[in-house]
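This is what each chain is made of:
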Amino acid sequence: MATARVHQELDAVAGASVWSMDESETAATLVALDRAEAKLAELKARVAAHADDLHVGQEVAASSAANWLAHQTQQTRAETYRTVRLGHDLEQHPLTRTALAAGRVCVDQARVIVQAVDRLPADVQPRAEQHLLAEAAHHDAKALRILGKRLYEVIDPDAADADEAAVLAREEASAMNACRLTMHDDGHGQTHGRFTIPTFHGAALRKMLAAITAPKHQRATHGAGVEWVPGPEAMGQAFCALIERFPVAQLPKLGGLTATLVVTITEDSLLGRVERAGLLDTGDRISPGAARRLLCEAGVVPVVLGGDSVPIDVGRERRFHPKYQRIAITVRDQGCRAEGCDRKLGLHTHHGTRWVDGGKTTVDQGIALCPWHHARIHDTTYEARMQPSGKVAFHRRT
């Protein structure tokens, strides 16, 4: 058997030392082994397809040759099914099978070529297969997949646009059906999740987050001396900012009410006399500082409790200042109203008379603050006072 000779050769070099090889010999050996692996993969796929045709494993009541192989070799069923599938695919594409058997392409390239060619009309498949096999000498599987989507530009340029449109439509429909989002809270203040969304929505989300994490925006928001955080951390913080600032009025109703968070907080904590956590209507708890900040900036409804835990006020849903009011306030204030601050970009609008104290969303009662000072004005370690000059002075409480 040929496989017996292969085992003999491999056993002969199993204990051989590789330390004596120089750089050139090591490189050549590595490439040669990769090609040998491709040849073995073709033989394995061919035998696996033959085993499937013979229904190998039926004597032990295996449901398929792939399942039998998975049990015999302790591989996953997904992997053995891929091997059987490759064997059958190569039967229909002898050019690719020959290239794999010769070690000119690897398994991943062969799979991509077969998949790309199979979606084309039968009369143009041989030409398309030859084209991709030639490109395989210069491109890896990922690049080949991209080239495979644009095969019509080579074999039938006149039909290329229509074919690309049809392919994209199928992919988008499939991607929409595959949309997934899972989240779970770990009980330690963090929520973890995974999602799968179509390419368009991924691109849109990436662009939104990129705008928030852009260096210019970060410098305008936090100052020139801001400490940059690594990419994933910055994107995560931008995602949080996007969620906080999404206009809840645009969301559909949930249980007859707008999809708005309700924050329950005591009057003493709201006014900064004590530090007591806020309670969300989801059952989650947040810090008092976060509660005070959200009541000013995001779309939430505050429920204020008195000393006997009796609601003394159920506030109005928080609204942002409309765009025209923000423009008027920004033009009037010419930058952050905090004393000593000269930031003029990325400003927030804050209610000069606190909304919980009856302040209204008007130009007269709105002031412009940079994000840093907007957060500080809700920080109980600071006292903020309006000066005759119209500036807001901050002093750390003792």
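Scroll up for the structure.
Since we're looking at a predicted model, the values are computed, not measured. Per chain, residue numbering runs from 1 following the sequence as it is written. Two thresholds apply to this predicted model, a pLDDT of at least 70 for residue-level local features and 80 or more for giving and counting side-chain atom pairs, whereas whole-chain, interface and lining totals are computed over all residues. Excluded from the side-chain calculations are hydrogens and water; all other atoms, namely the structure's heavy atoms, are used.

(A) Structural detail: the packing of helix 6 (residues 107-118) against helix 8 (residues 141-149). To get an axis, fit a line to the C-alpha atoms, keeping to the stretch in contact for a helix; angles then go from 0 to 180 degrees between the N-to-C directions. Each helix corresponds to a stretch of at least 4 residues labelled H or I by DSSP, and each strand to a stretch of at least 2 residues labelled E; elements are numbered beginning at the N terminus. Packing of helix 6 against helix 8 leaves a shortest axis separation of 9 Å and a crossing angle of 10°. Of the possible angle classes, the one that applies to helix 6 and helix 8 is roughly parallel. When helix 6 is examined against helix 8, the residues Asp 108, Gln 109, Val 112, Ile 113, Gln 115 and Ala 116 are found in contact with a partner set consisting of Ala 141, Leu 144, Arg 145 and Gly 148. Amino acids outside the nonpolar list (Ala, Val, Leu, Ile, Met, Phe, Trp, Tyr, Cys, Pro) and the charged list (Asp, Glu, Lys, Arg) are all regarded as polar, and Gly is one of them. Partitioned by chemical class, the residues of the contact of helix 6 with helix 8 number five nonpolar, three polar and two charged. When describing relative orientation, an angle under 35 degrees is termed roughly parallel and one over 145 degrees roughly antiparallel, while 65 to 115 degrees is termed roughly perpendicular and anything else oblique. Any two residues whose heavy atoms approach within 4.5 Å at even a single point are treated as in contact.

(B) How the structure looks around the packing of helix 2 (residues 23-53) against helix 5 (residues 94-101). Two elements in contact, helix 2 and helix 5, have axes whose closest approach is 7 Å; the angle formed by their N-to-C orientations is 135°. Comparing the axis directions of helix 2 and helix 5 gives the class oblique. Residues Ala 38, Lys 39, Glu 42 and Arg 46 of helix 2 touch helix 5, and the partners they reach there are Arg 97, Leu 100 and Ala 101. Within the contact of helix 2 with helix 5, the residues separate by chemical class into three nonpolar, no polar and four charged.

(C) Seen up close, the environment of Arg 77. Secondary-structure assignment places Arg 77 in helix 4 (residues 77-92). Residues Arg 77 and Asn 67 lie 10 residues apart in sequence; the distance between their C-alpha atoms is 5.9 Å. Non-local contacts of Arg 77, meaning those with residues more than four positions away in its chain, are made with Asn 67 and Ala 70.

(D) Structural detail: the state of the cysteines. Criterion for a disulfide: a pair of cysteine sulfur atoms at a distance within 2.5 Å. Following the criterion strictly, the structure yields zero disulfides and no others. Free of any disulfide, Cys 336 has its nearest neighbouring cysteine sulfur in Cys 341, separated by 3.8 Å.

(E) Here's a closer look at helix 2. The end-to-end C-alpha distance of helix 2 is 45 Å, a good match for the 45 Å that 31 residues give at a rise of 1.5 Å each. To sort residues, take the accessible area from a 1.4 Å probe on protein chains only and compare it with the maximum for the residue type: under 20% means buried, over 50% means exposed, and anything in between is partly exposed. Here helix 2 has its buried residues at Ala 38, Ala 41, Glu 42, Ala 45, Ala 48, Ala 49 and Ala 51. Elements that come into contact with the buried residues of helix 2 comprise helix 3 (65-73), helix 4, helix 5 and helix 6. Capping the start of helix 2 is the job of one residue whose side-chain oxygen sits 3.3 Å from the backbone nitrogen of Ser 24: Asp 22. Positioned one or two residues after helix 2, His 55 has a phi angle of 60°, which is positive. Expected helix span is given by 1.5 Å per residue-to-residue step, counting one fewer step than there are residues. Two N or O atoms form a polar contact when they lie within 3.5 Å of each other; inside protein one atom must be a possible hydrogen donor and the other a possible acceptor, and for residues adjacent in sequence the pair counts only when both atoms belong to side chains.

(F) Representation of helix 1 (residues 2-13) in the model. Between its first and last C-alpha atoms helix 1 spans 17 Å; for 12 residues at 1.5 Å apiece the expected length is 16 Å, and the two agree. Little of helix 1 is tucked away: zero of the 12 residues are buried.

(G) A look at the pattern of salt bridges. Salt bridges, as used here, are contacts in which a Lys or Arg side-chain nitrogen is within 4 Å of a carboxyl oxygen on Asp or Glu. If you walk through the whole model with that rule in mind, you get six salt bridges. Its salt-bridge partner being Glu 42, residue Arg 97 comes within 3.0 Å of it at the nearest N-O pair. Pair noted here: Arg 97 is in helix 5 and Glu 42 is in helix 2, with a separation of 55 residues, a long-range link. A salt bridge links Glu 79 to Arg 82; the nearest nitrogen and oxygen atoms lie 3.8 Å apart. Pair noted here: Glu 79 and Arg 82 are both in helix 4, with a separation of three residues, about one helical turn. Within the structure, one salt-bridge network assembled from shared partners comprises Glu 42, Arg 46 and Arg 97.

Note that all results are geometric; they support no functional claim without further evidence.
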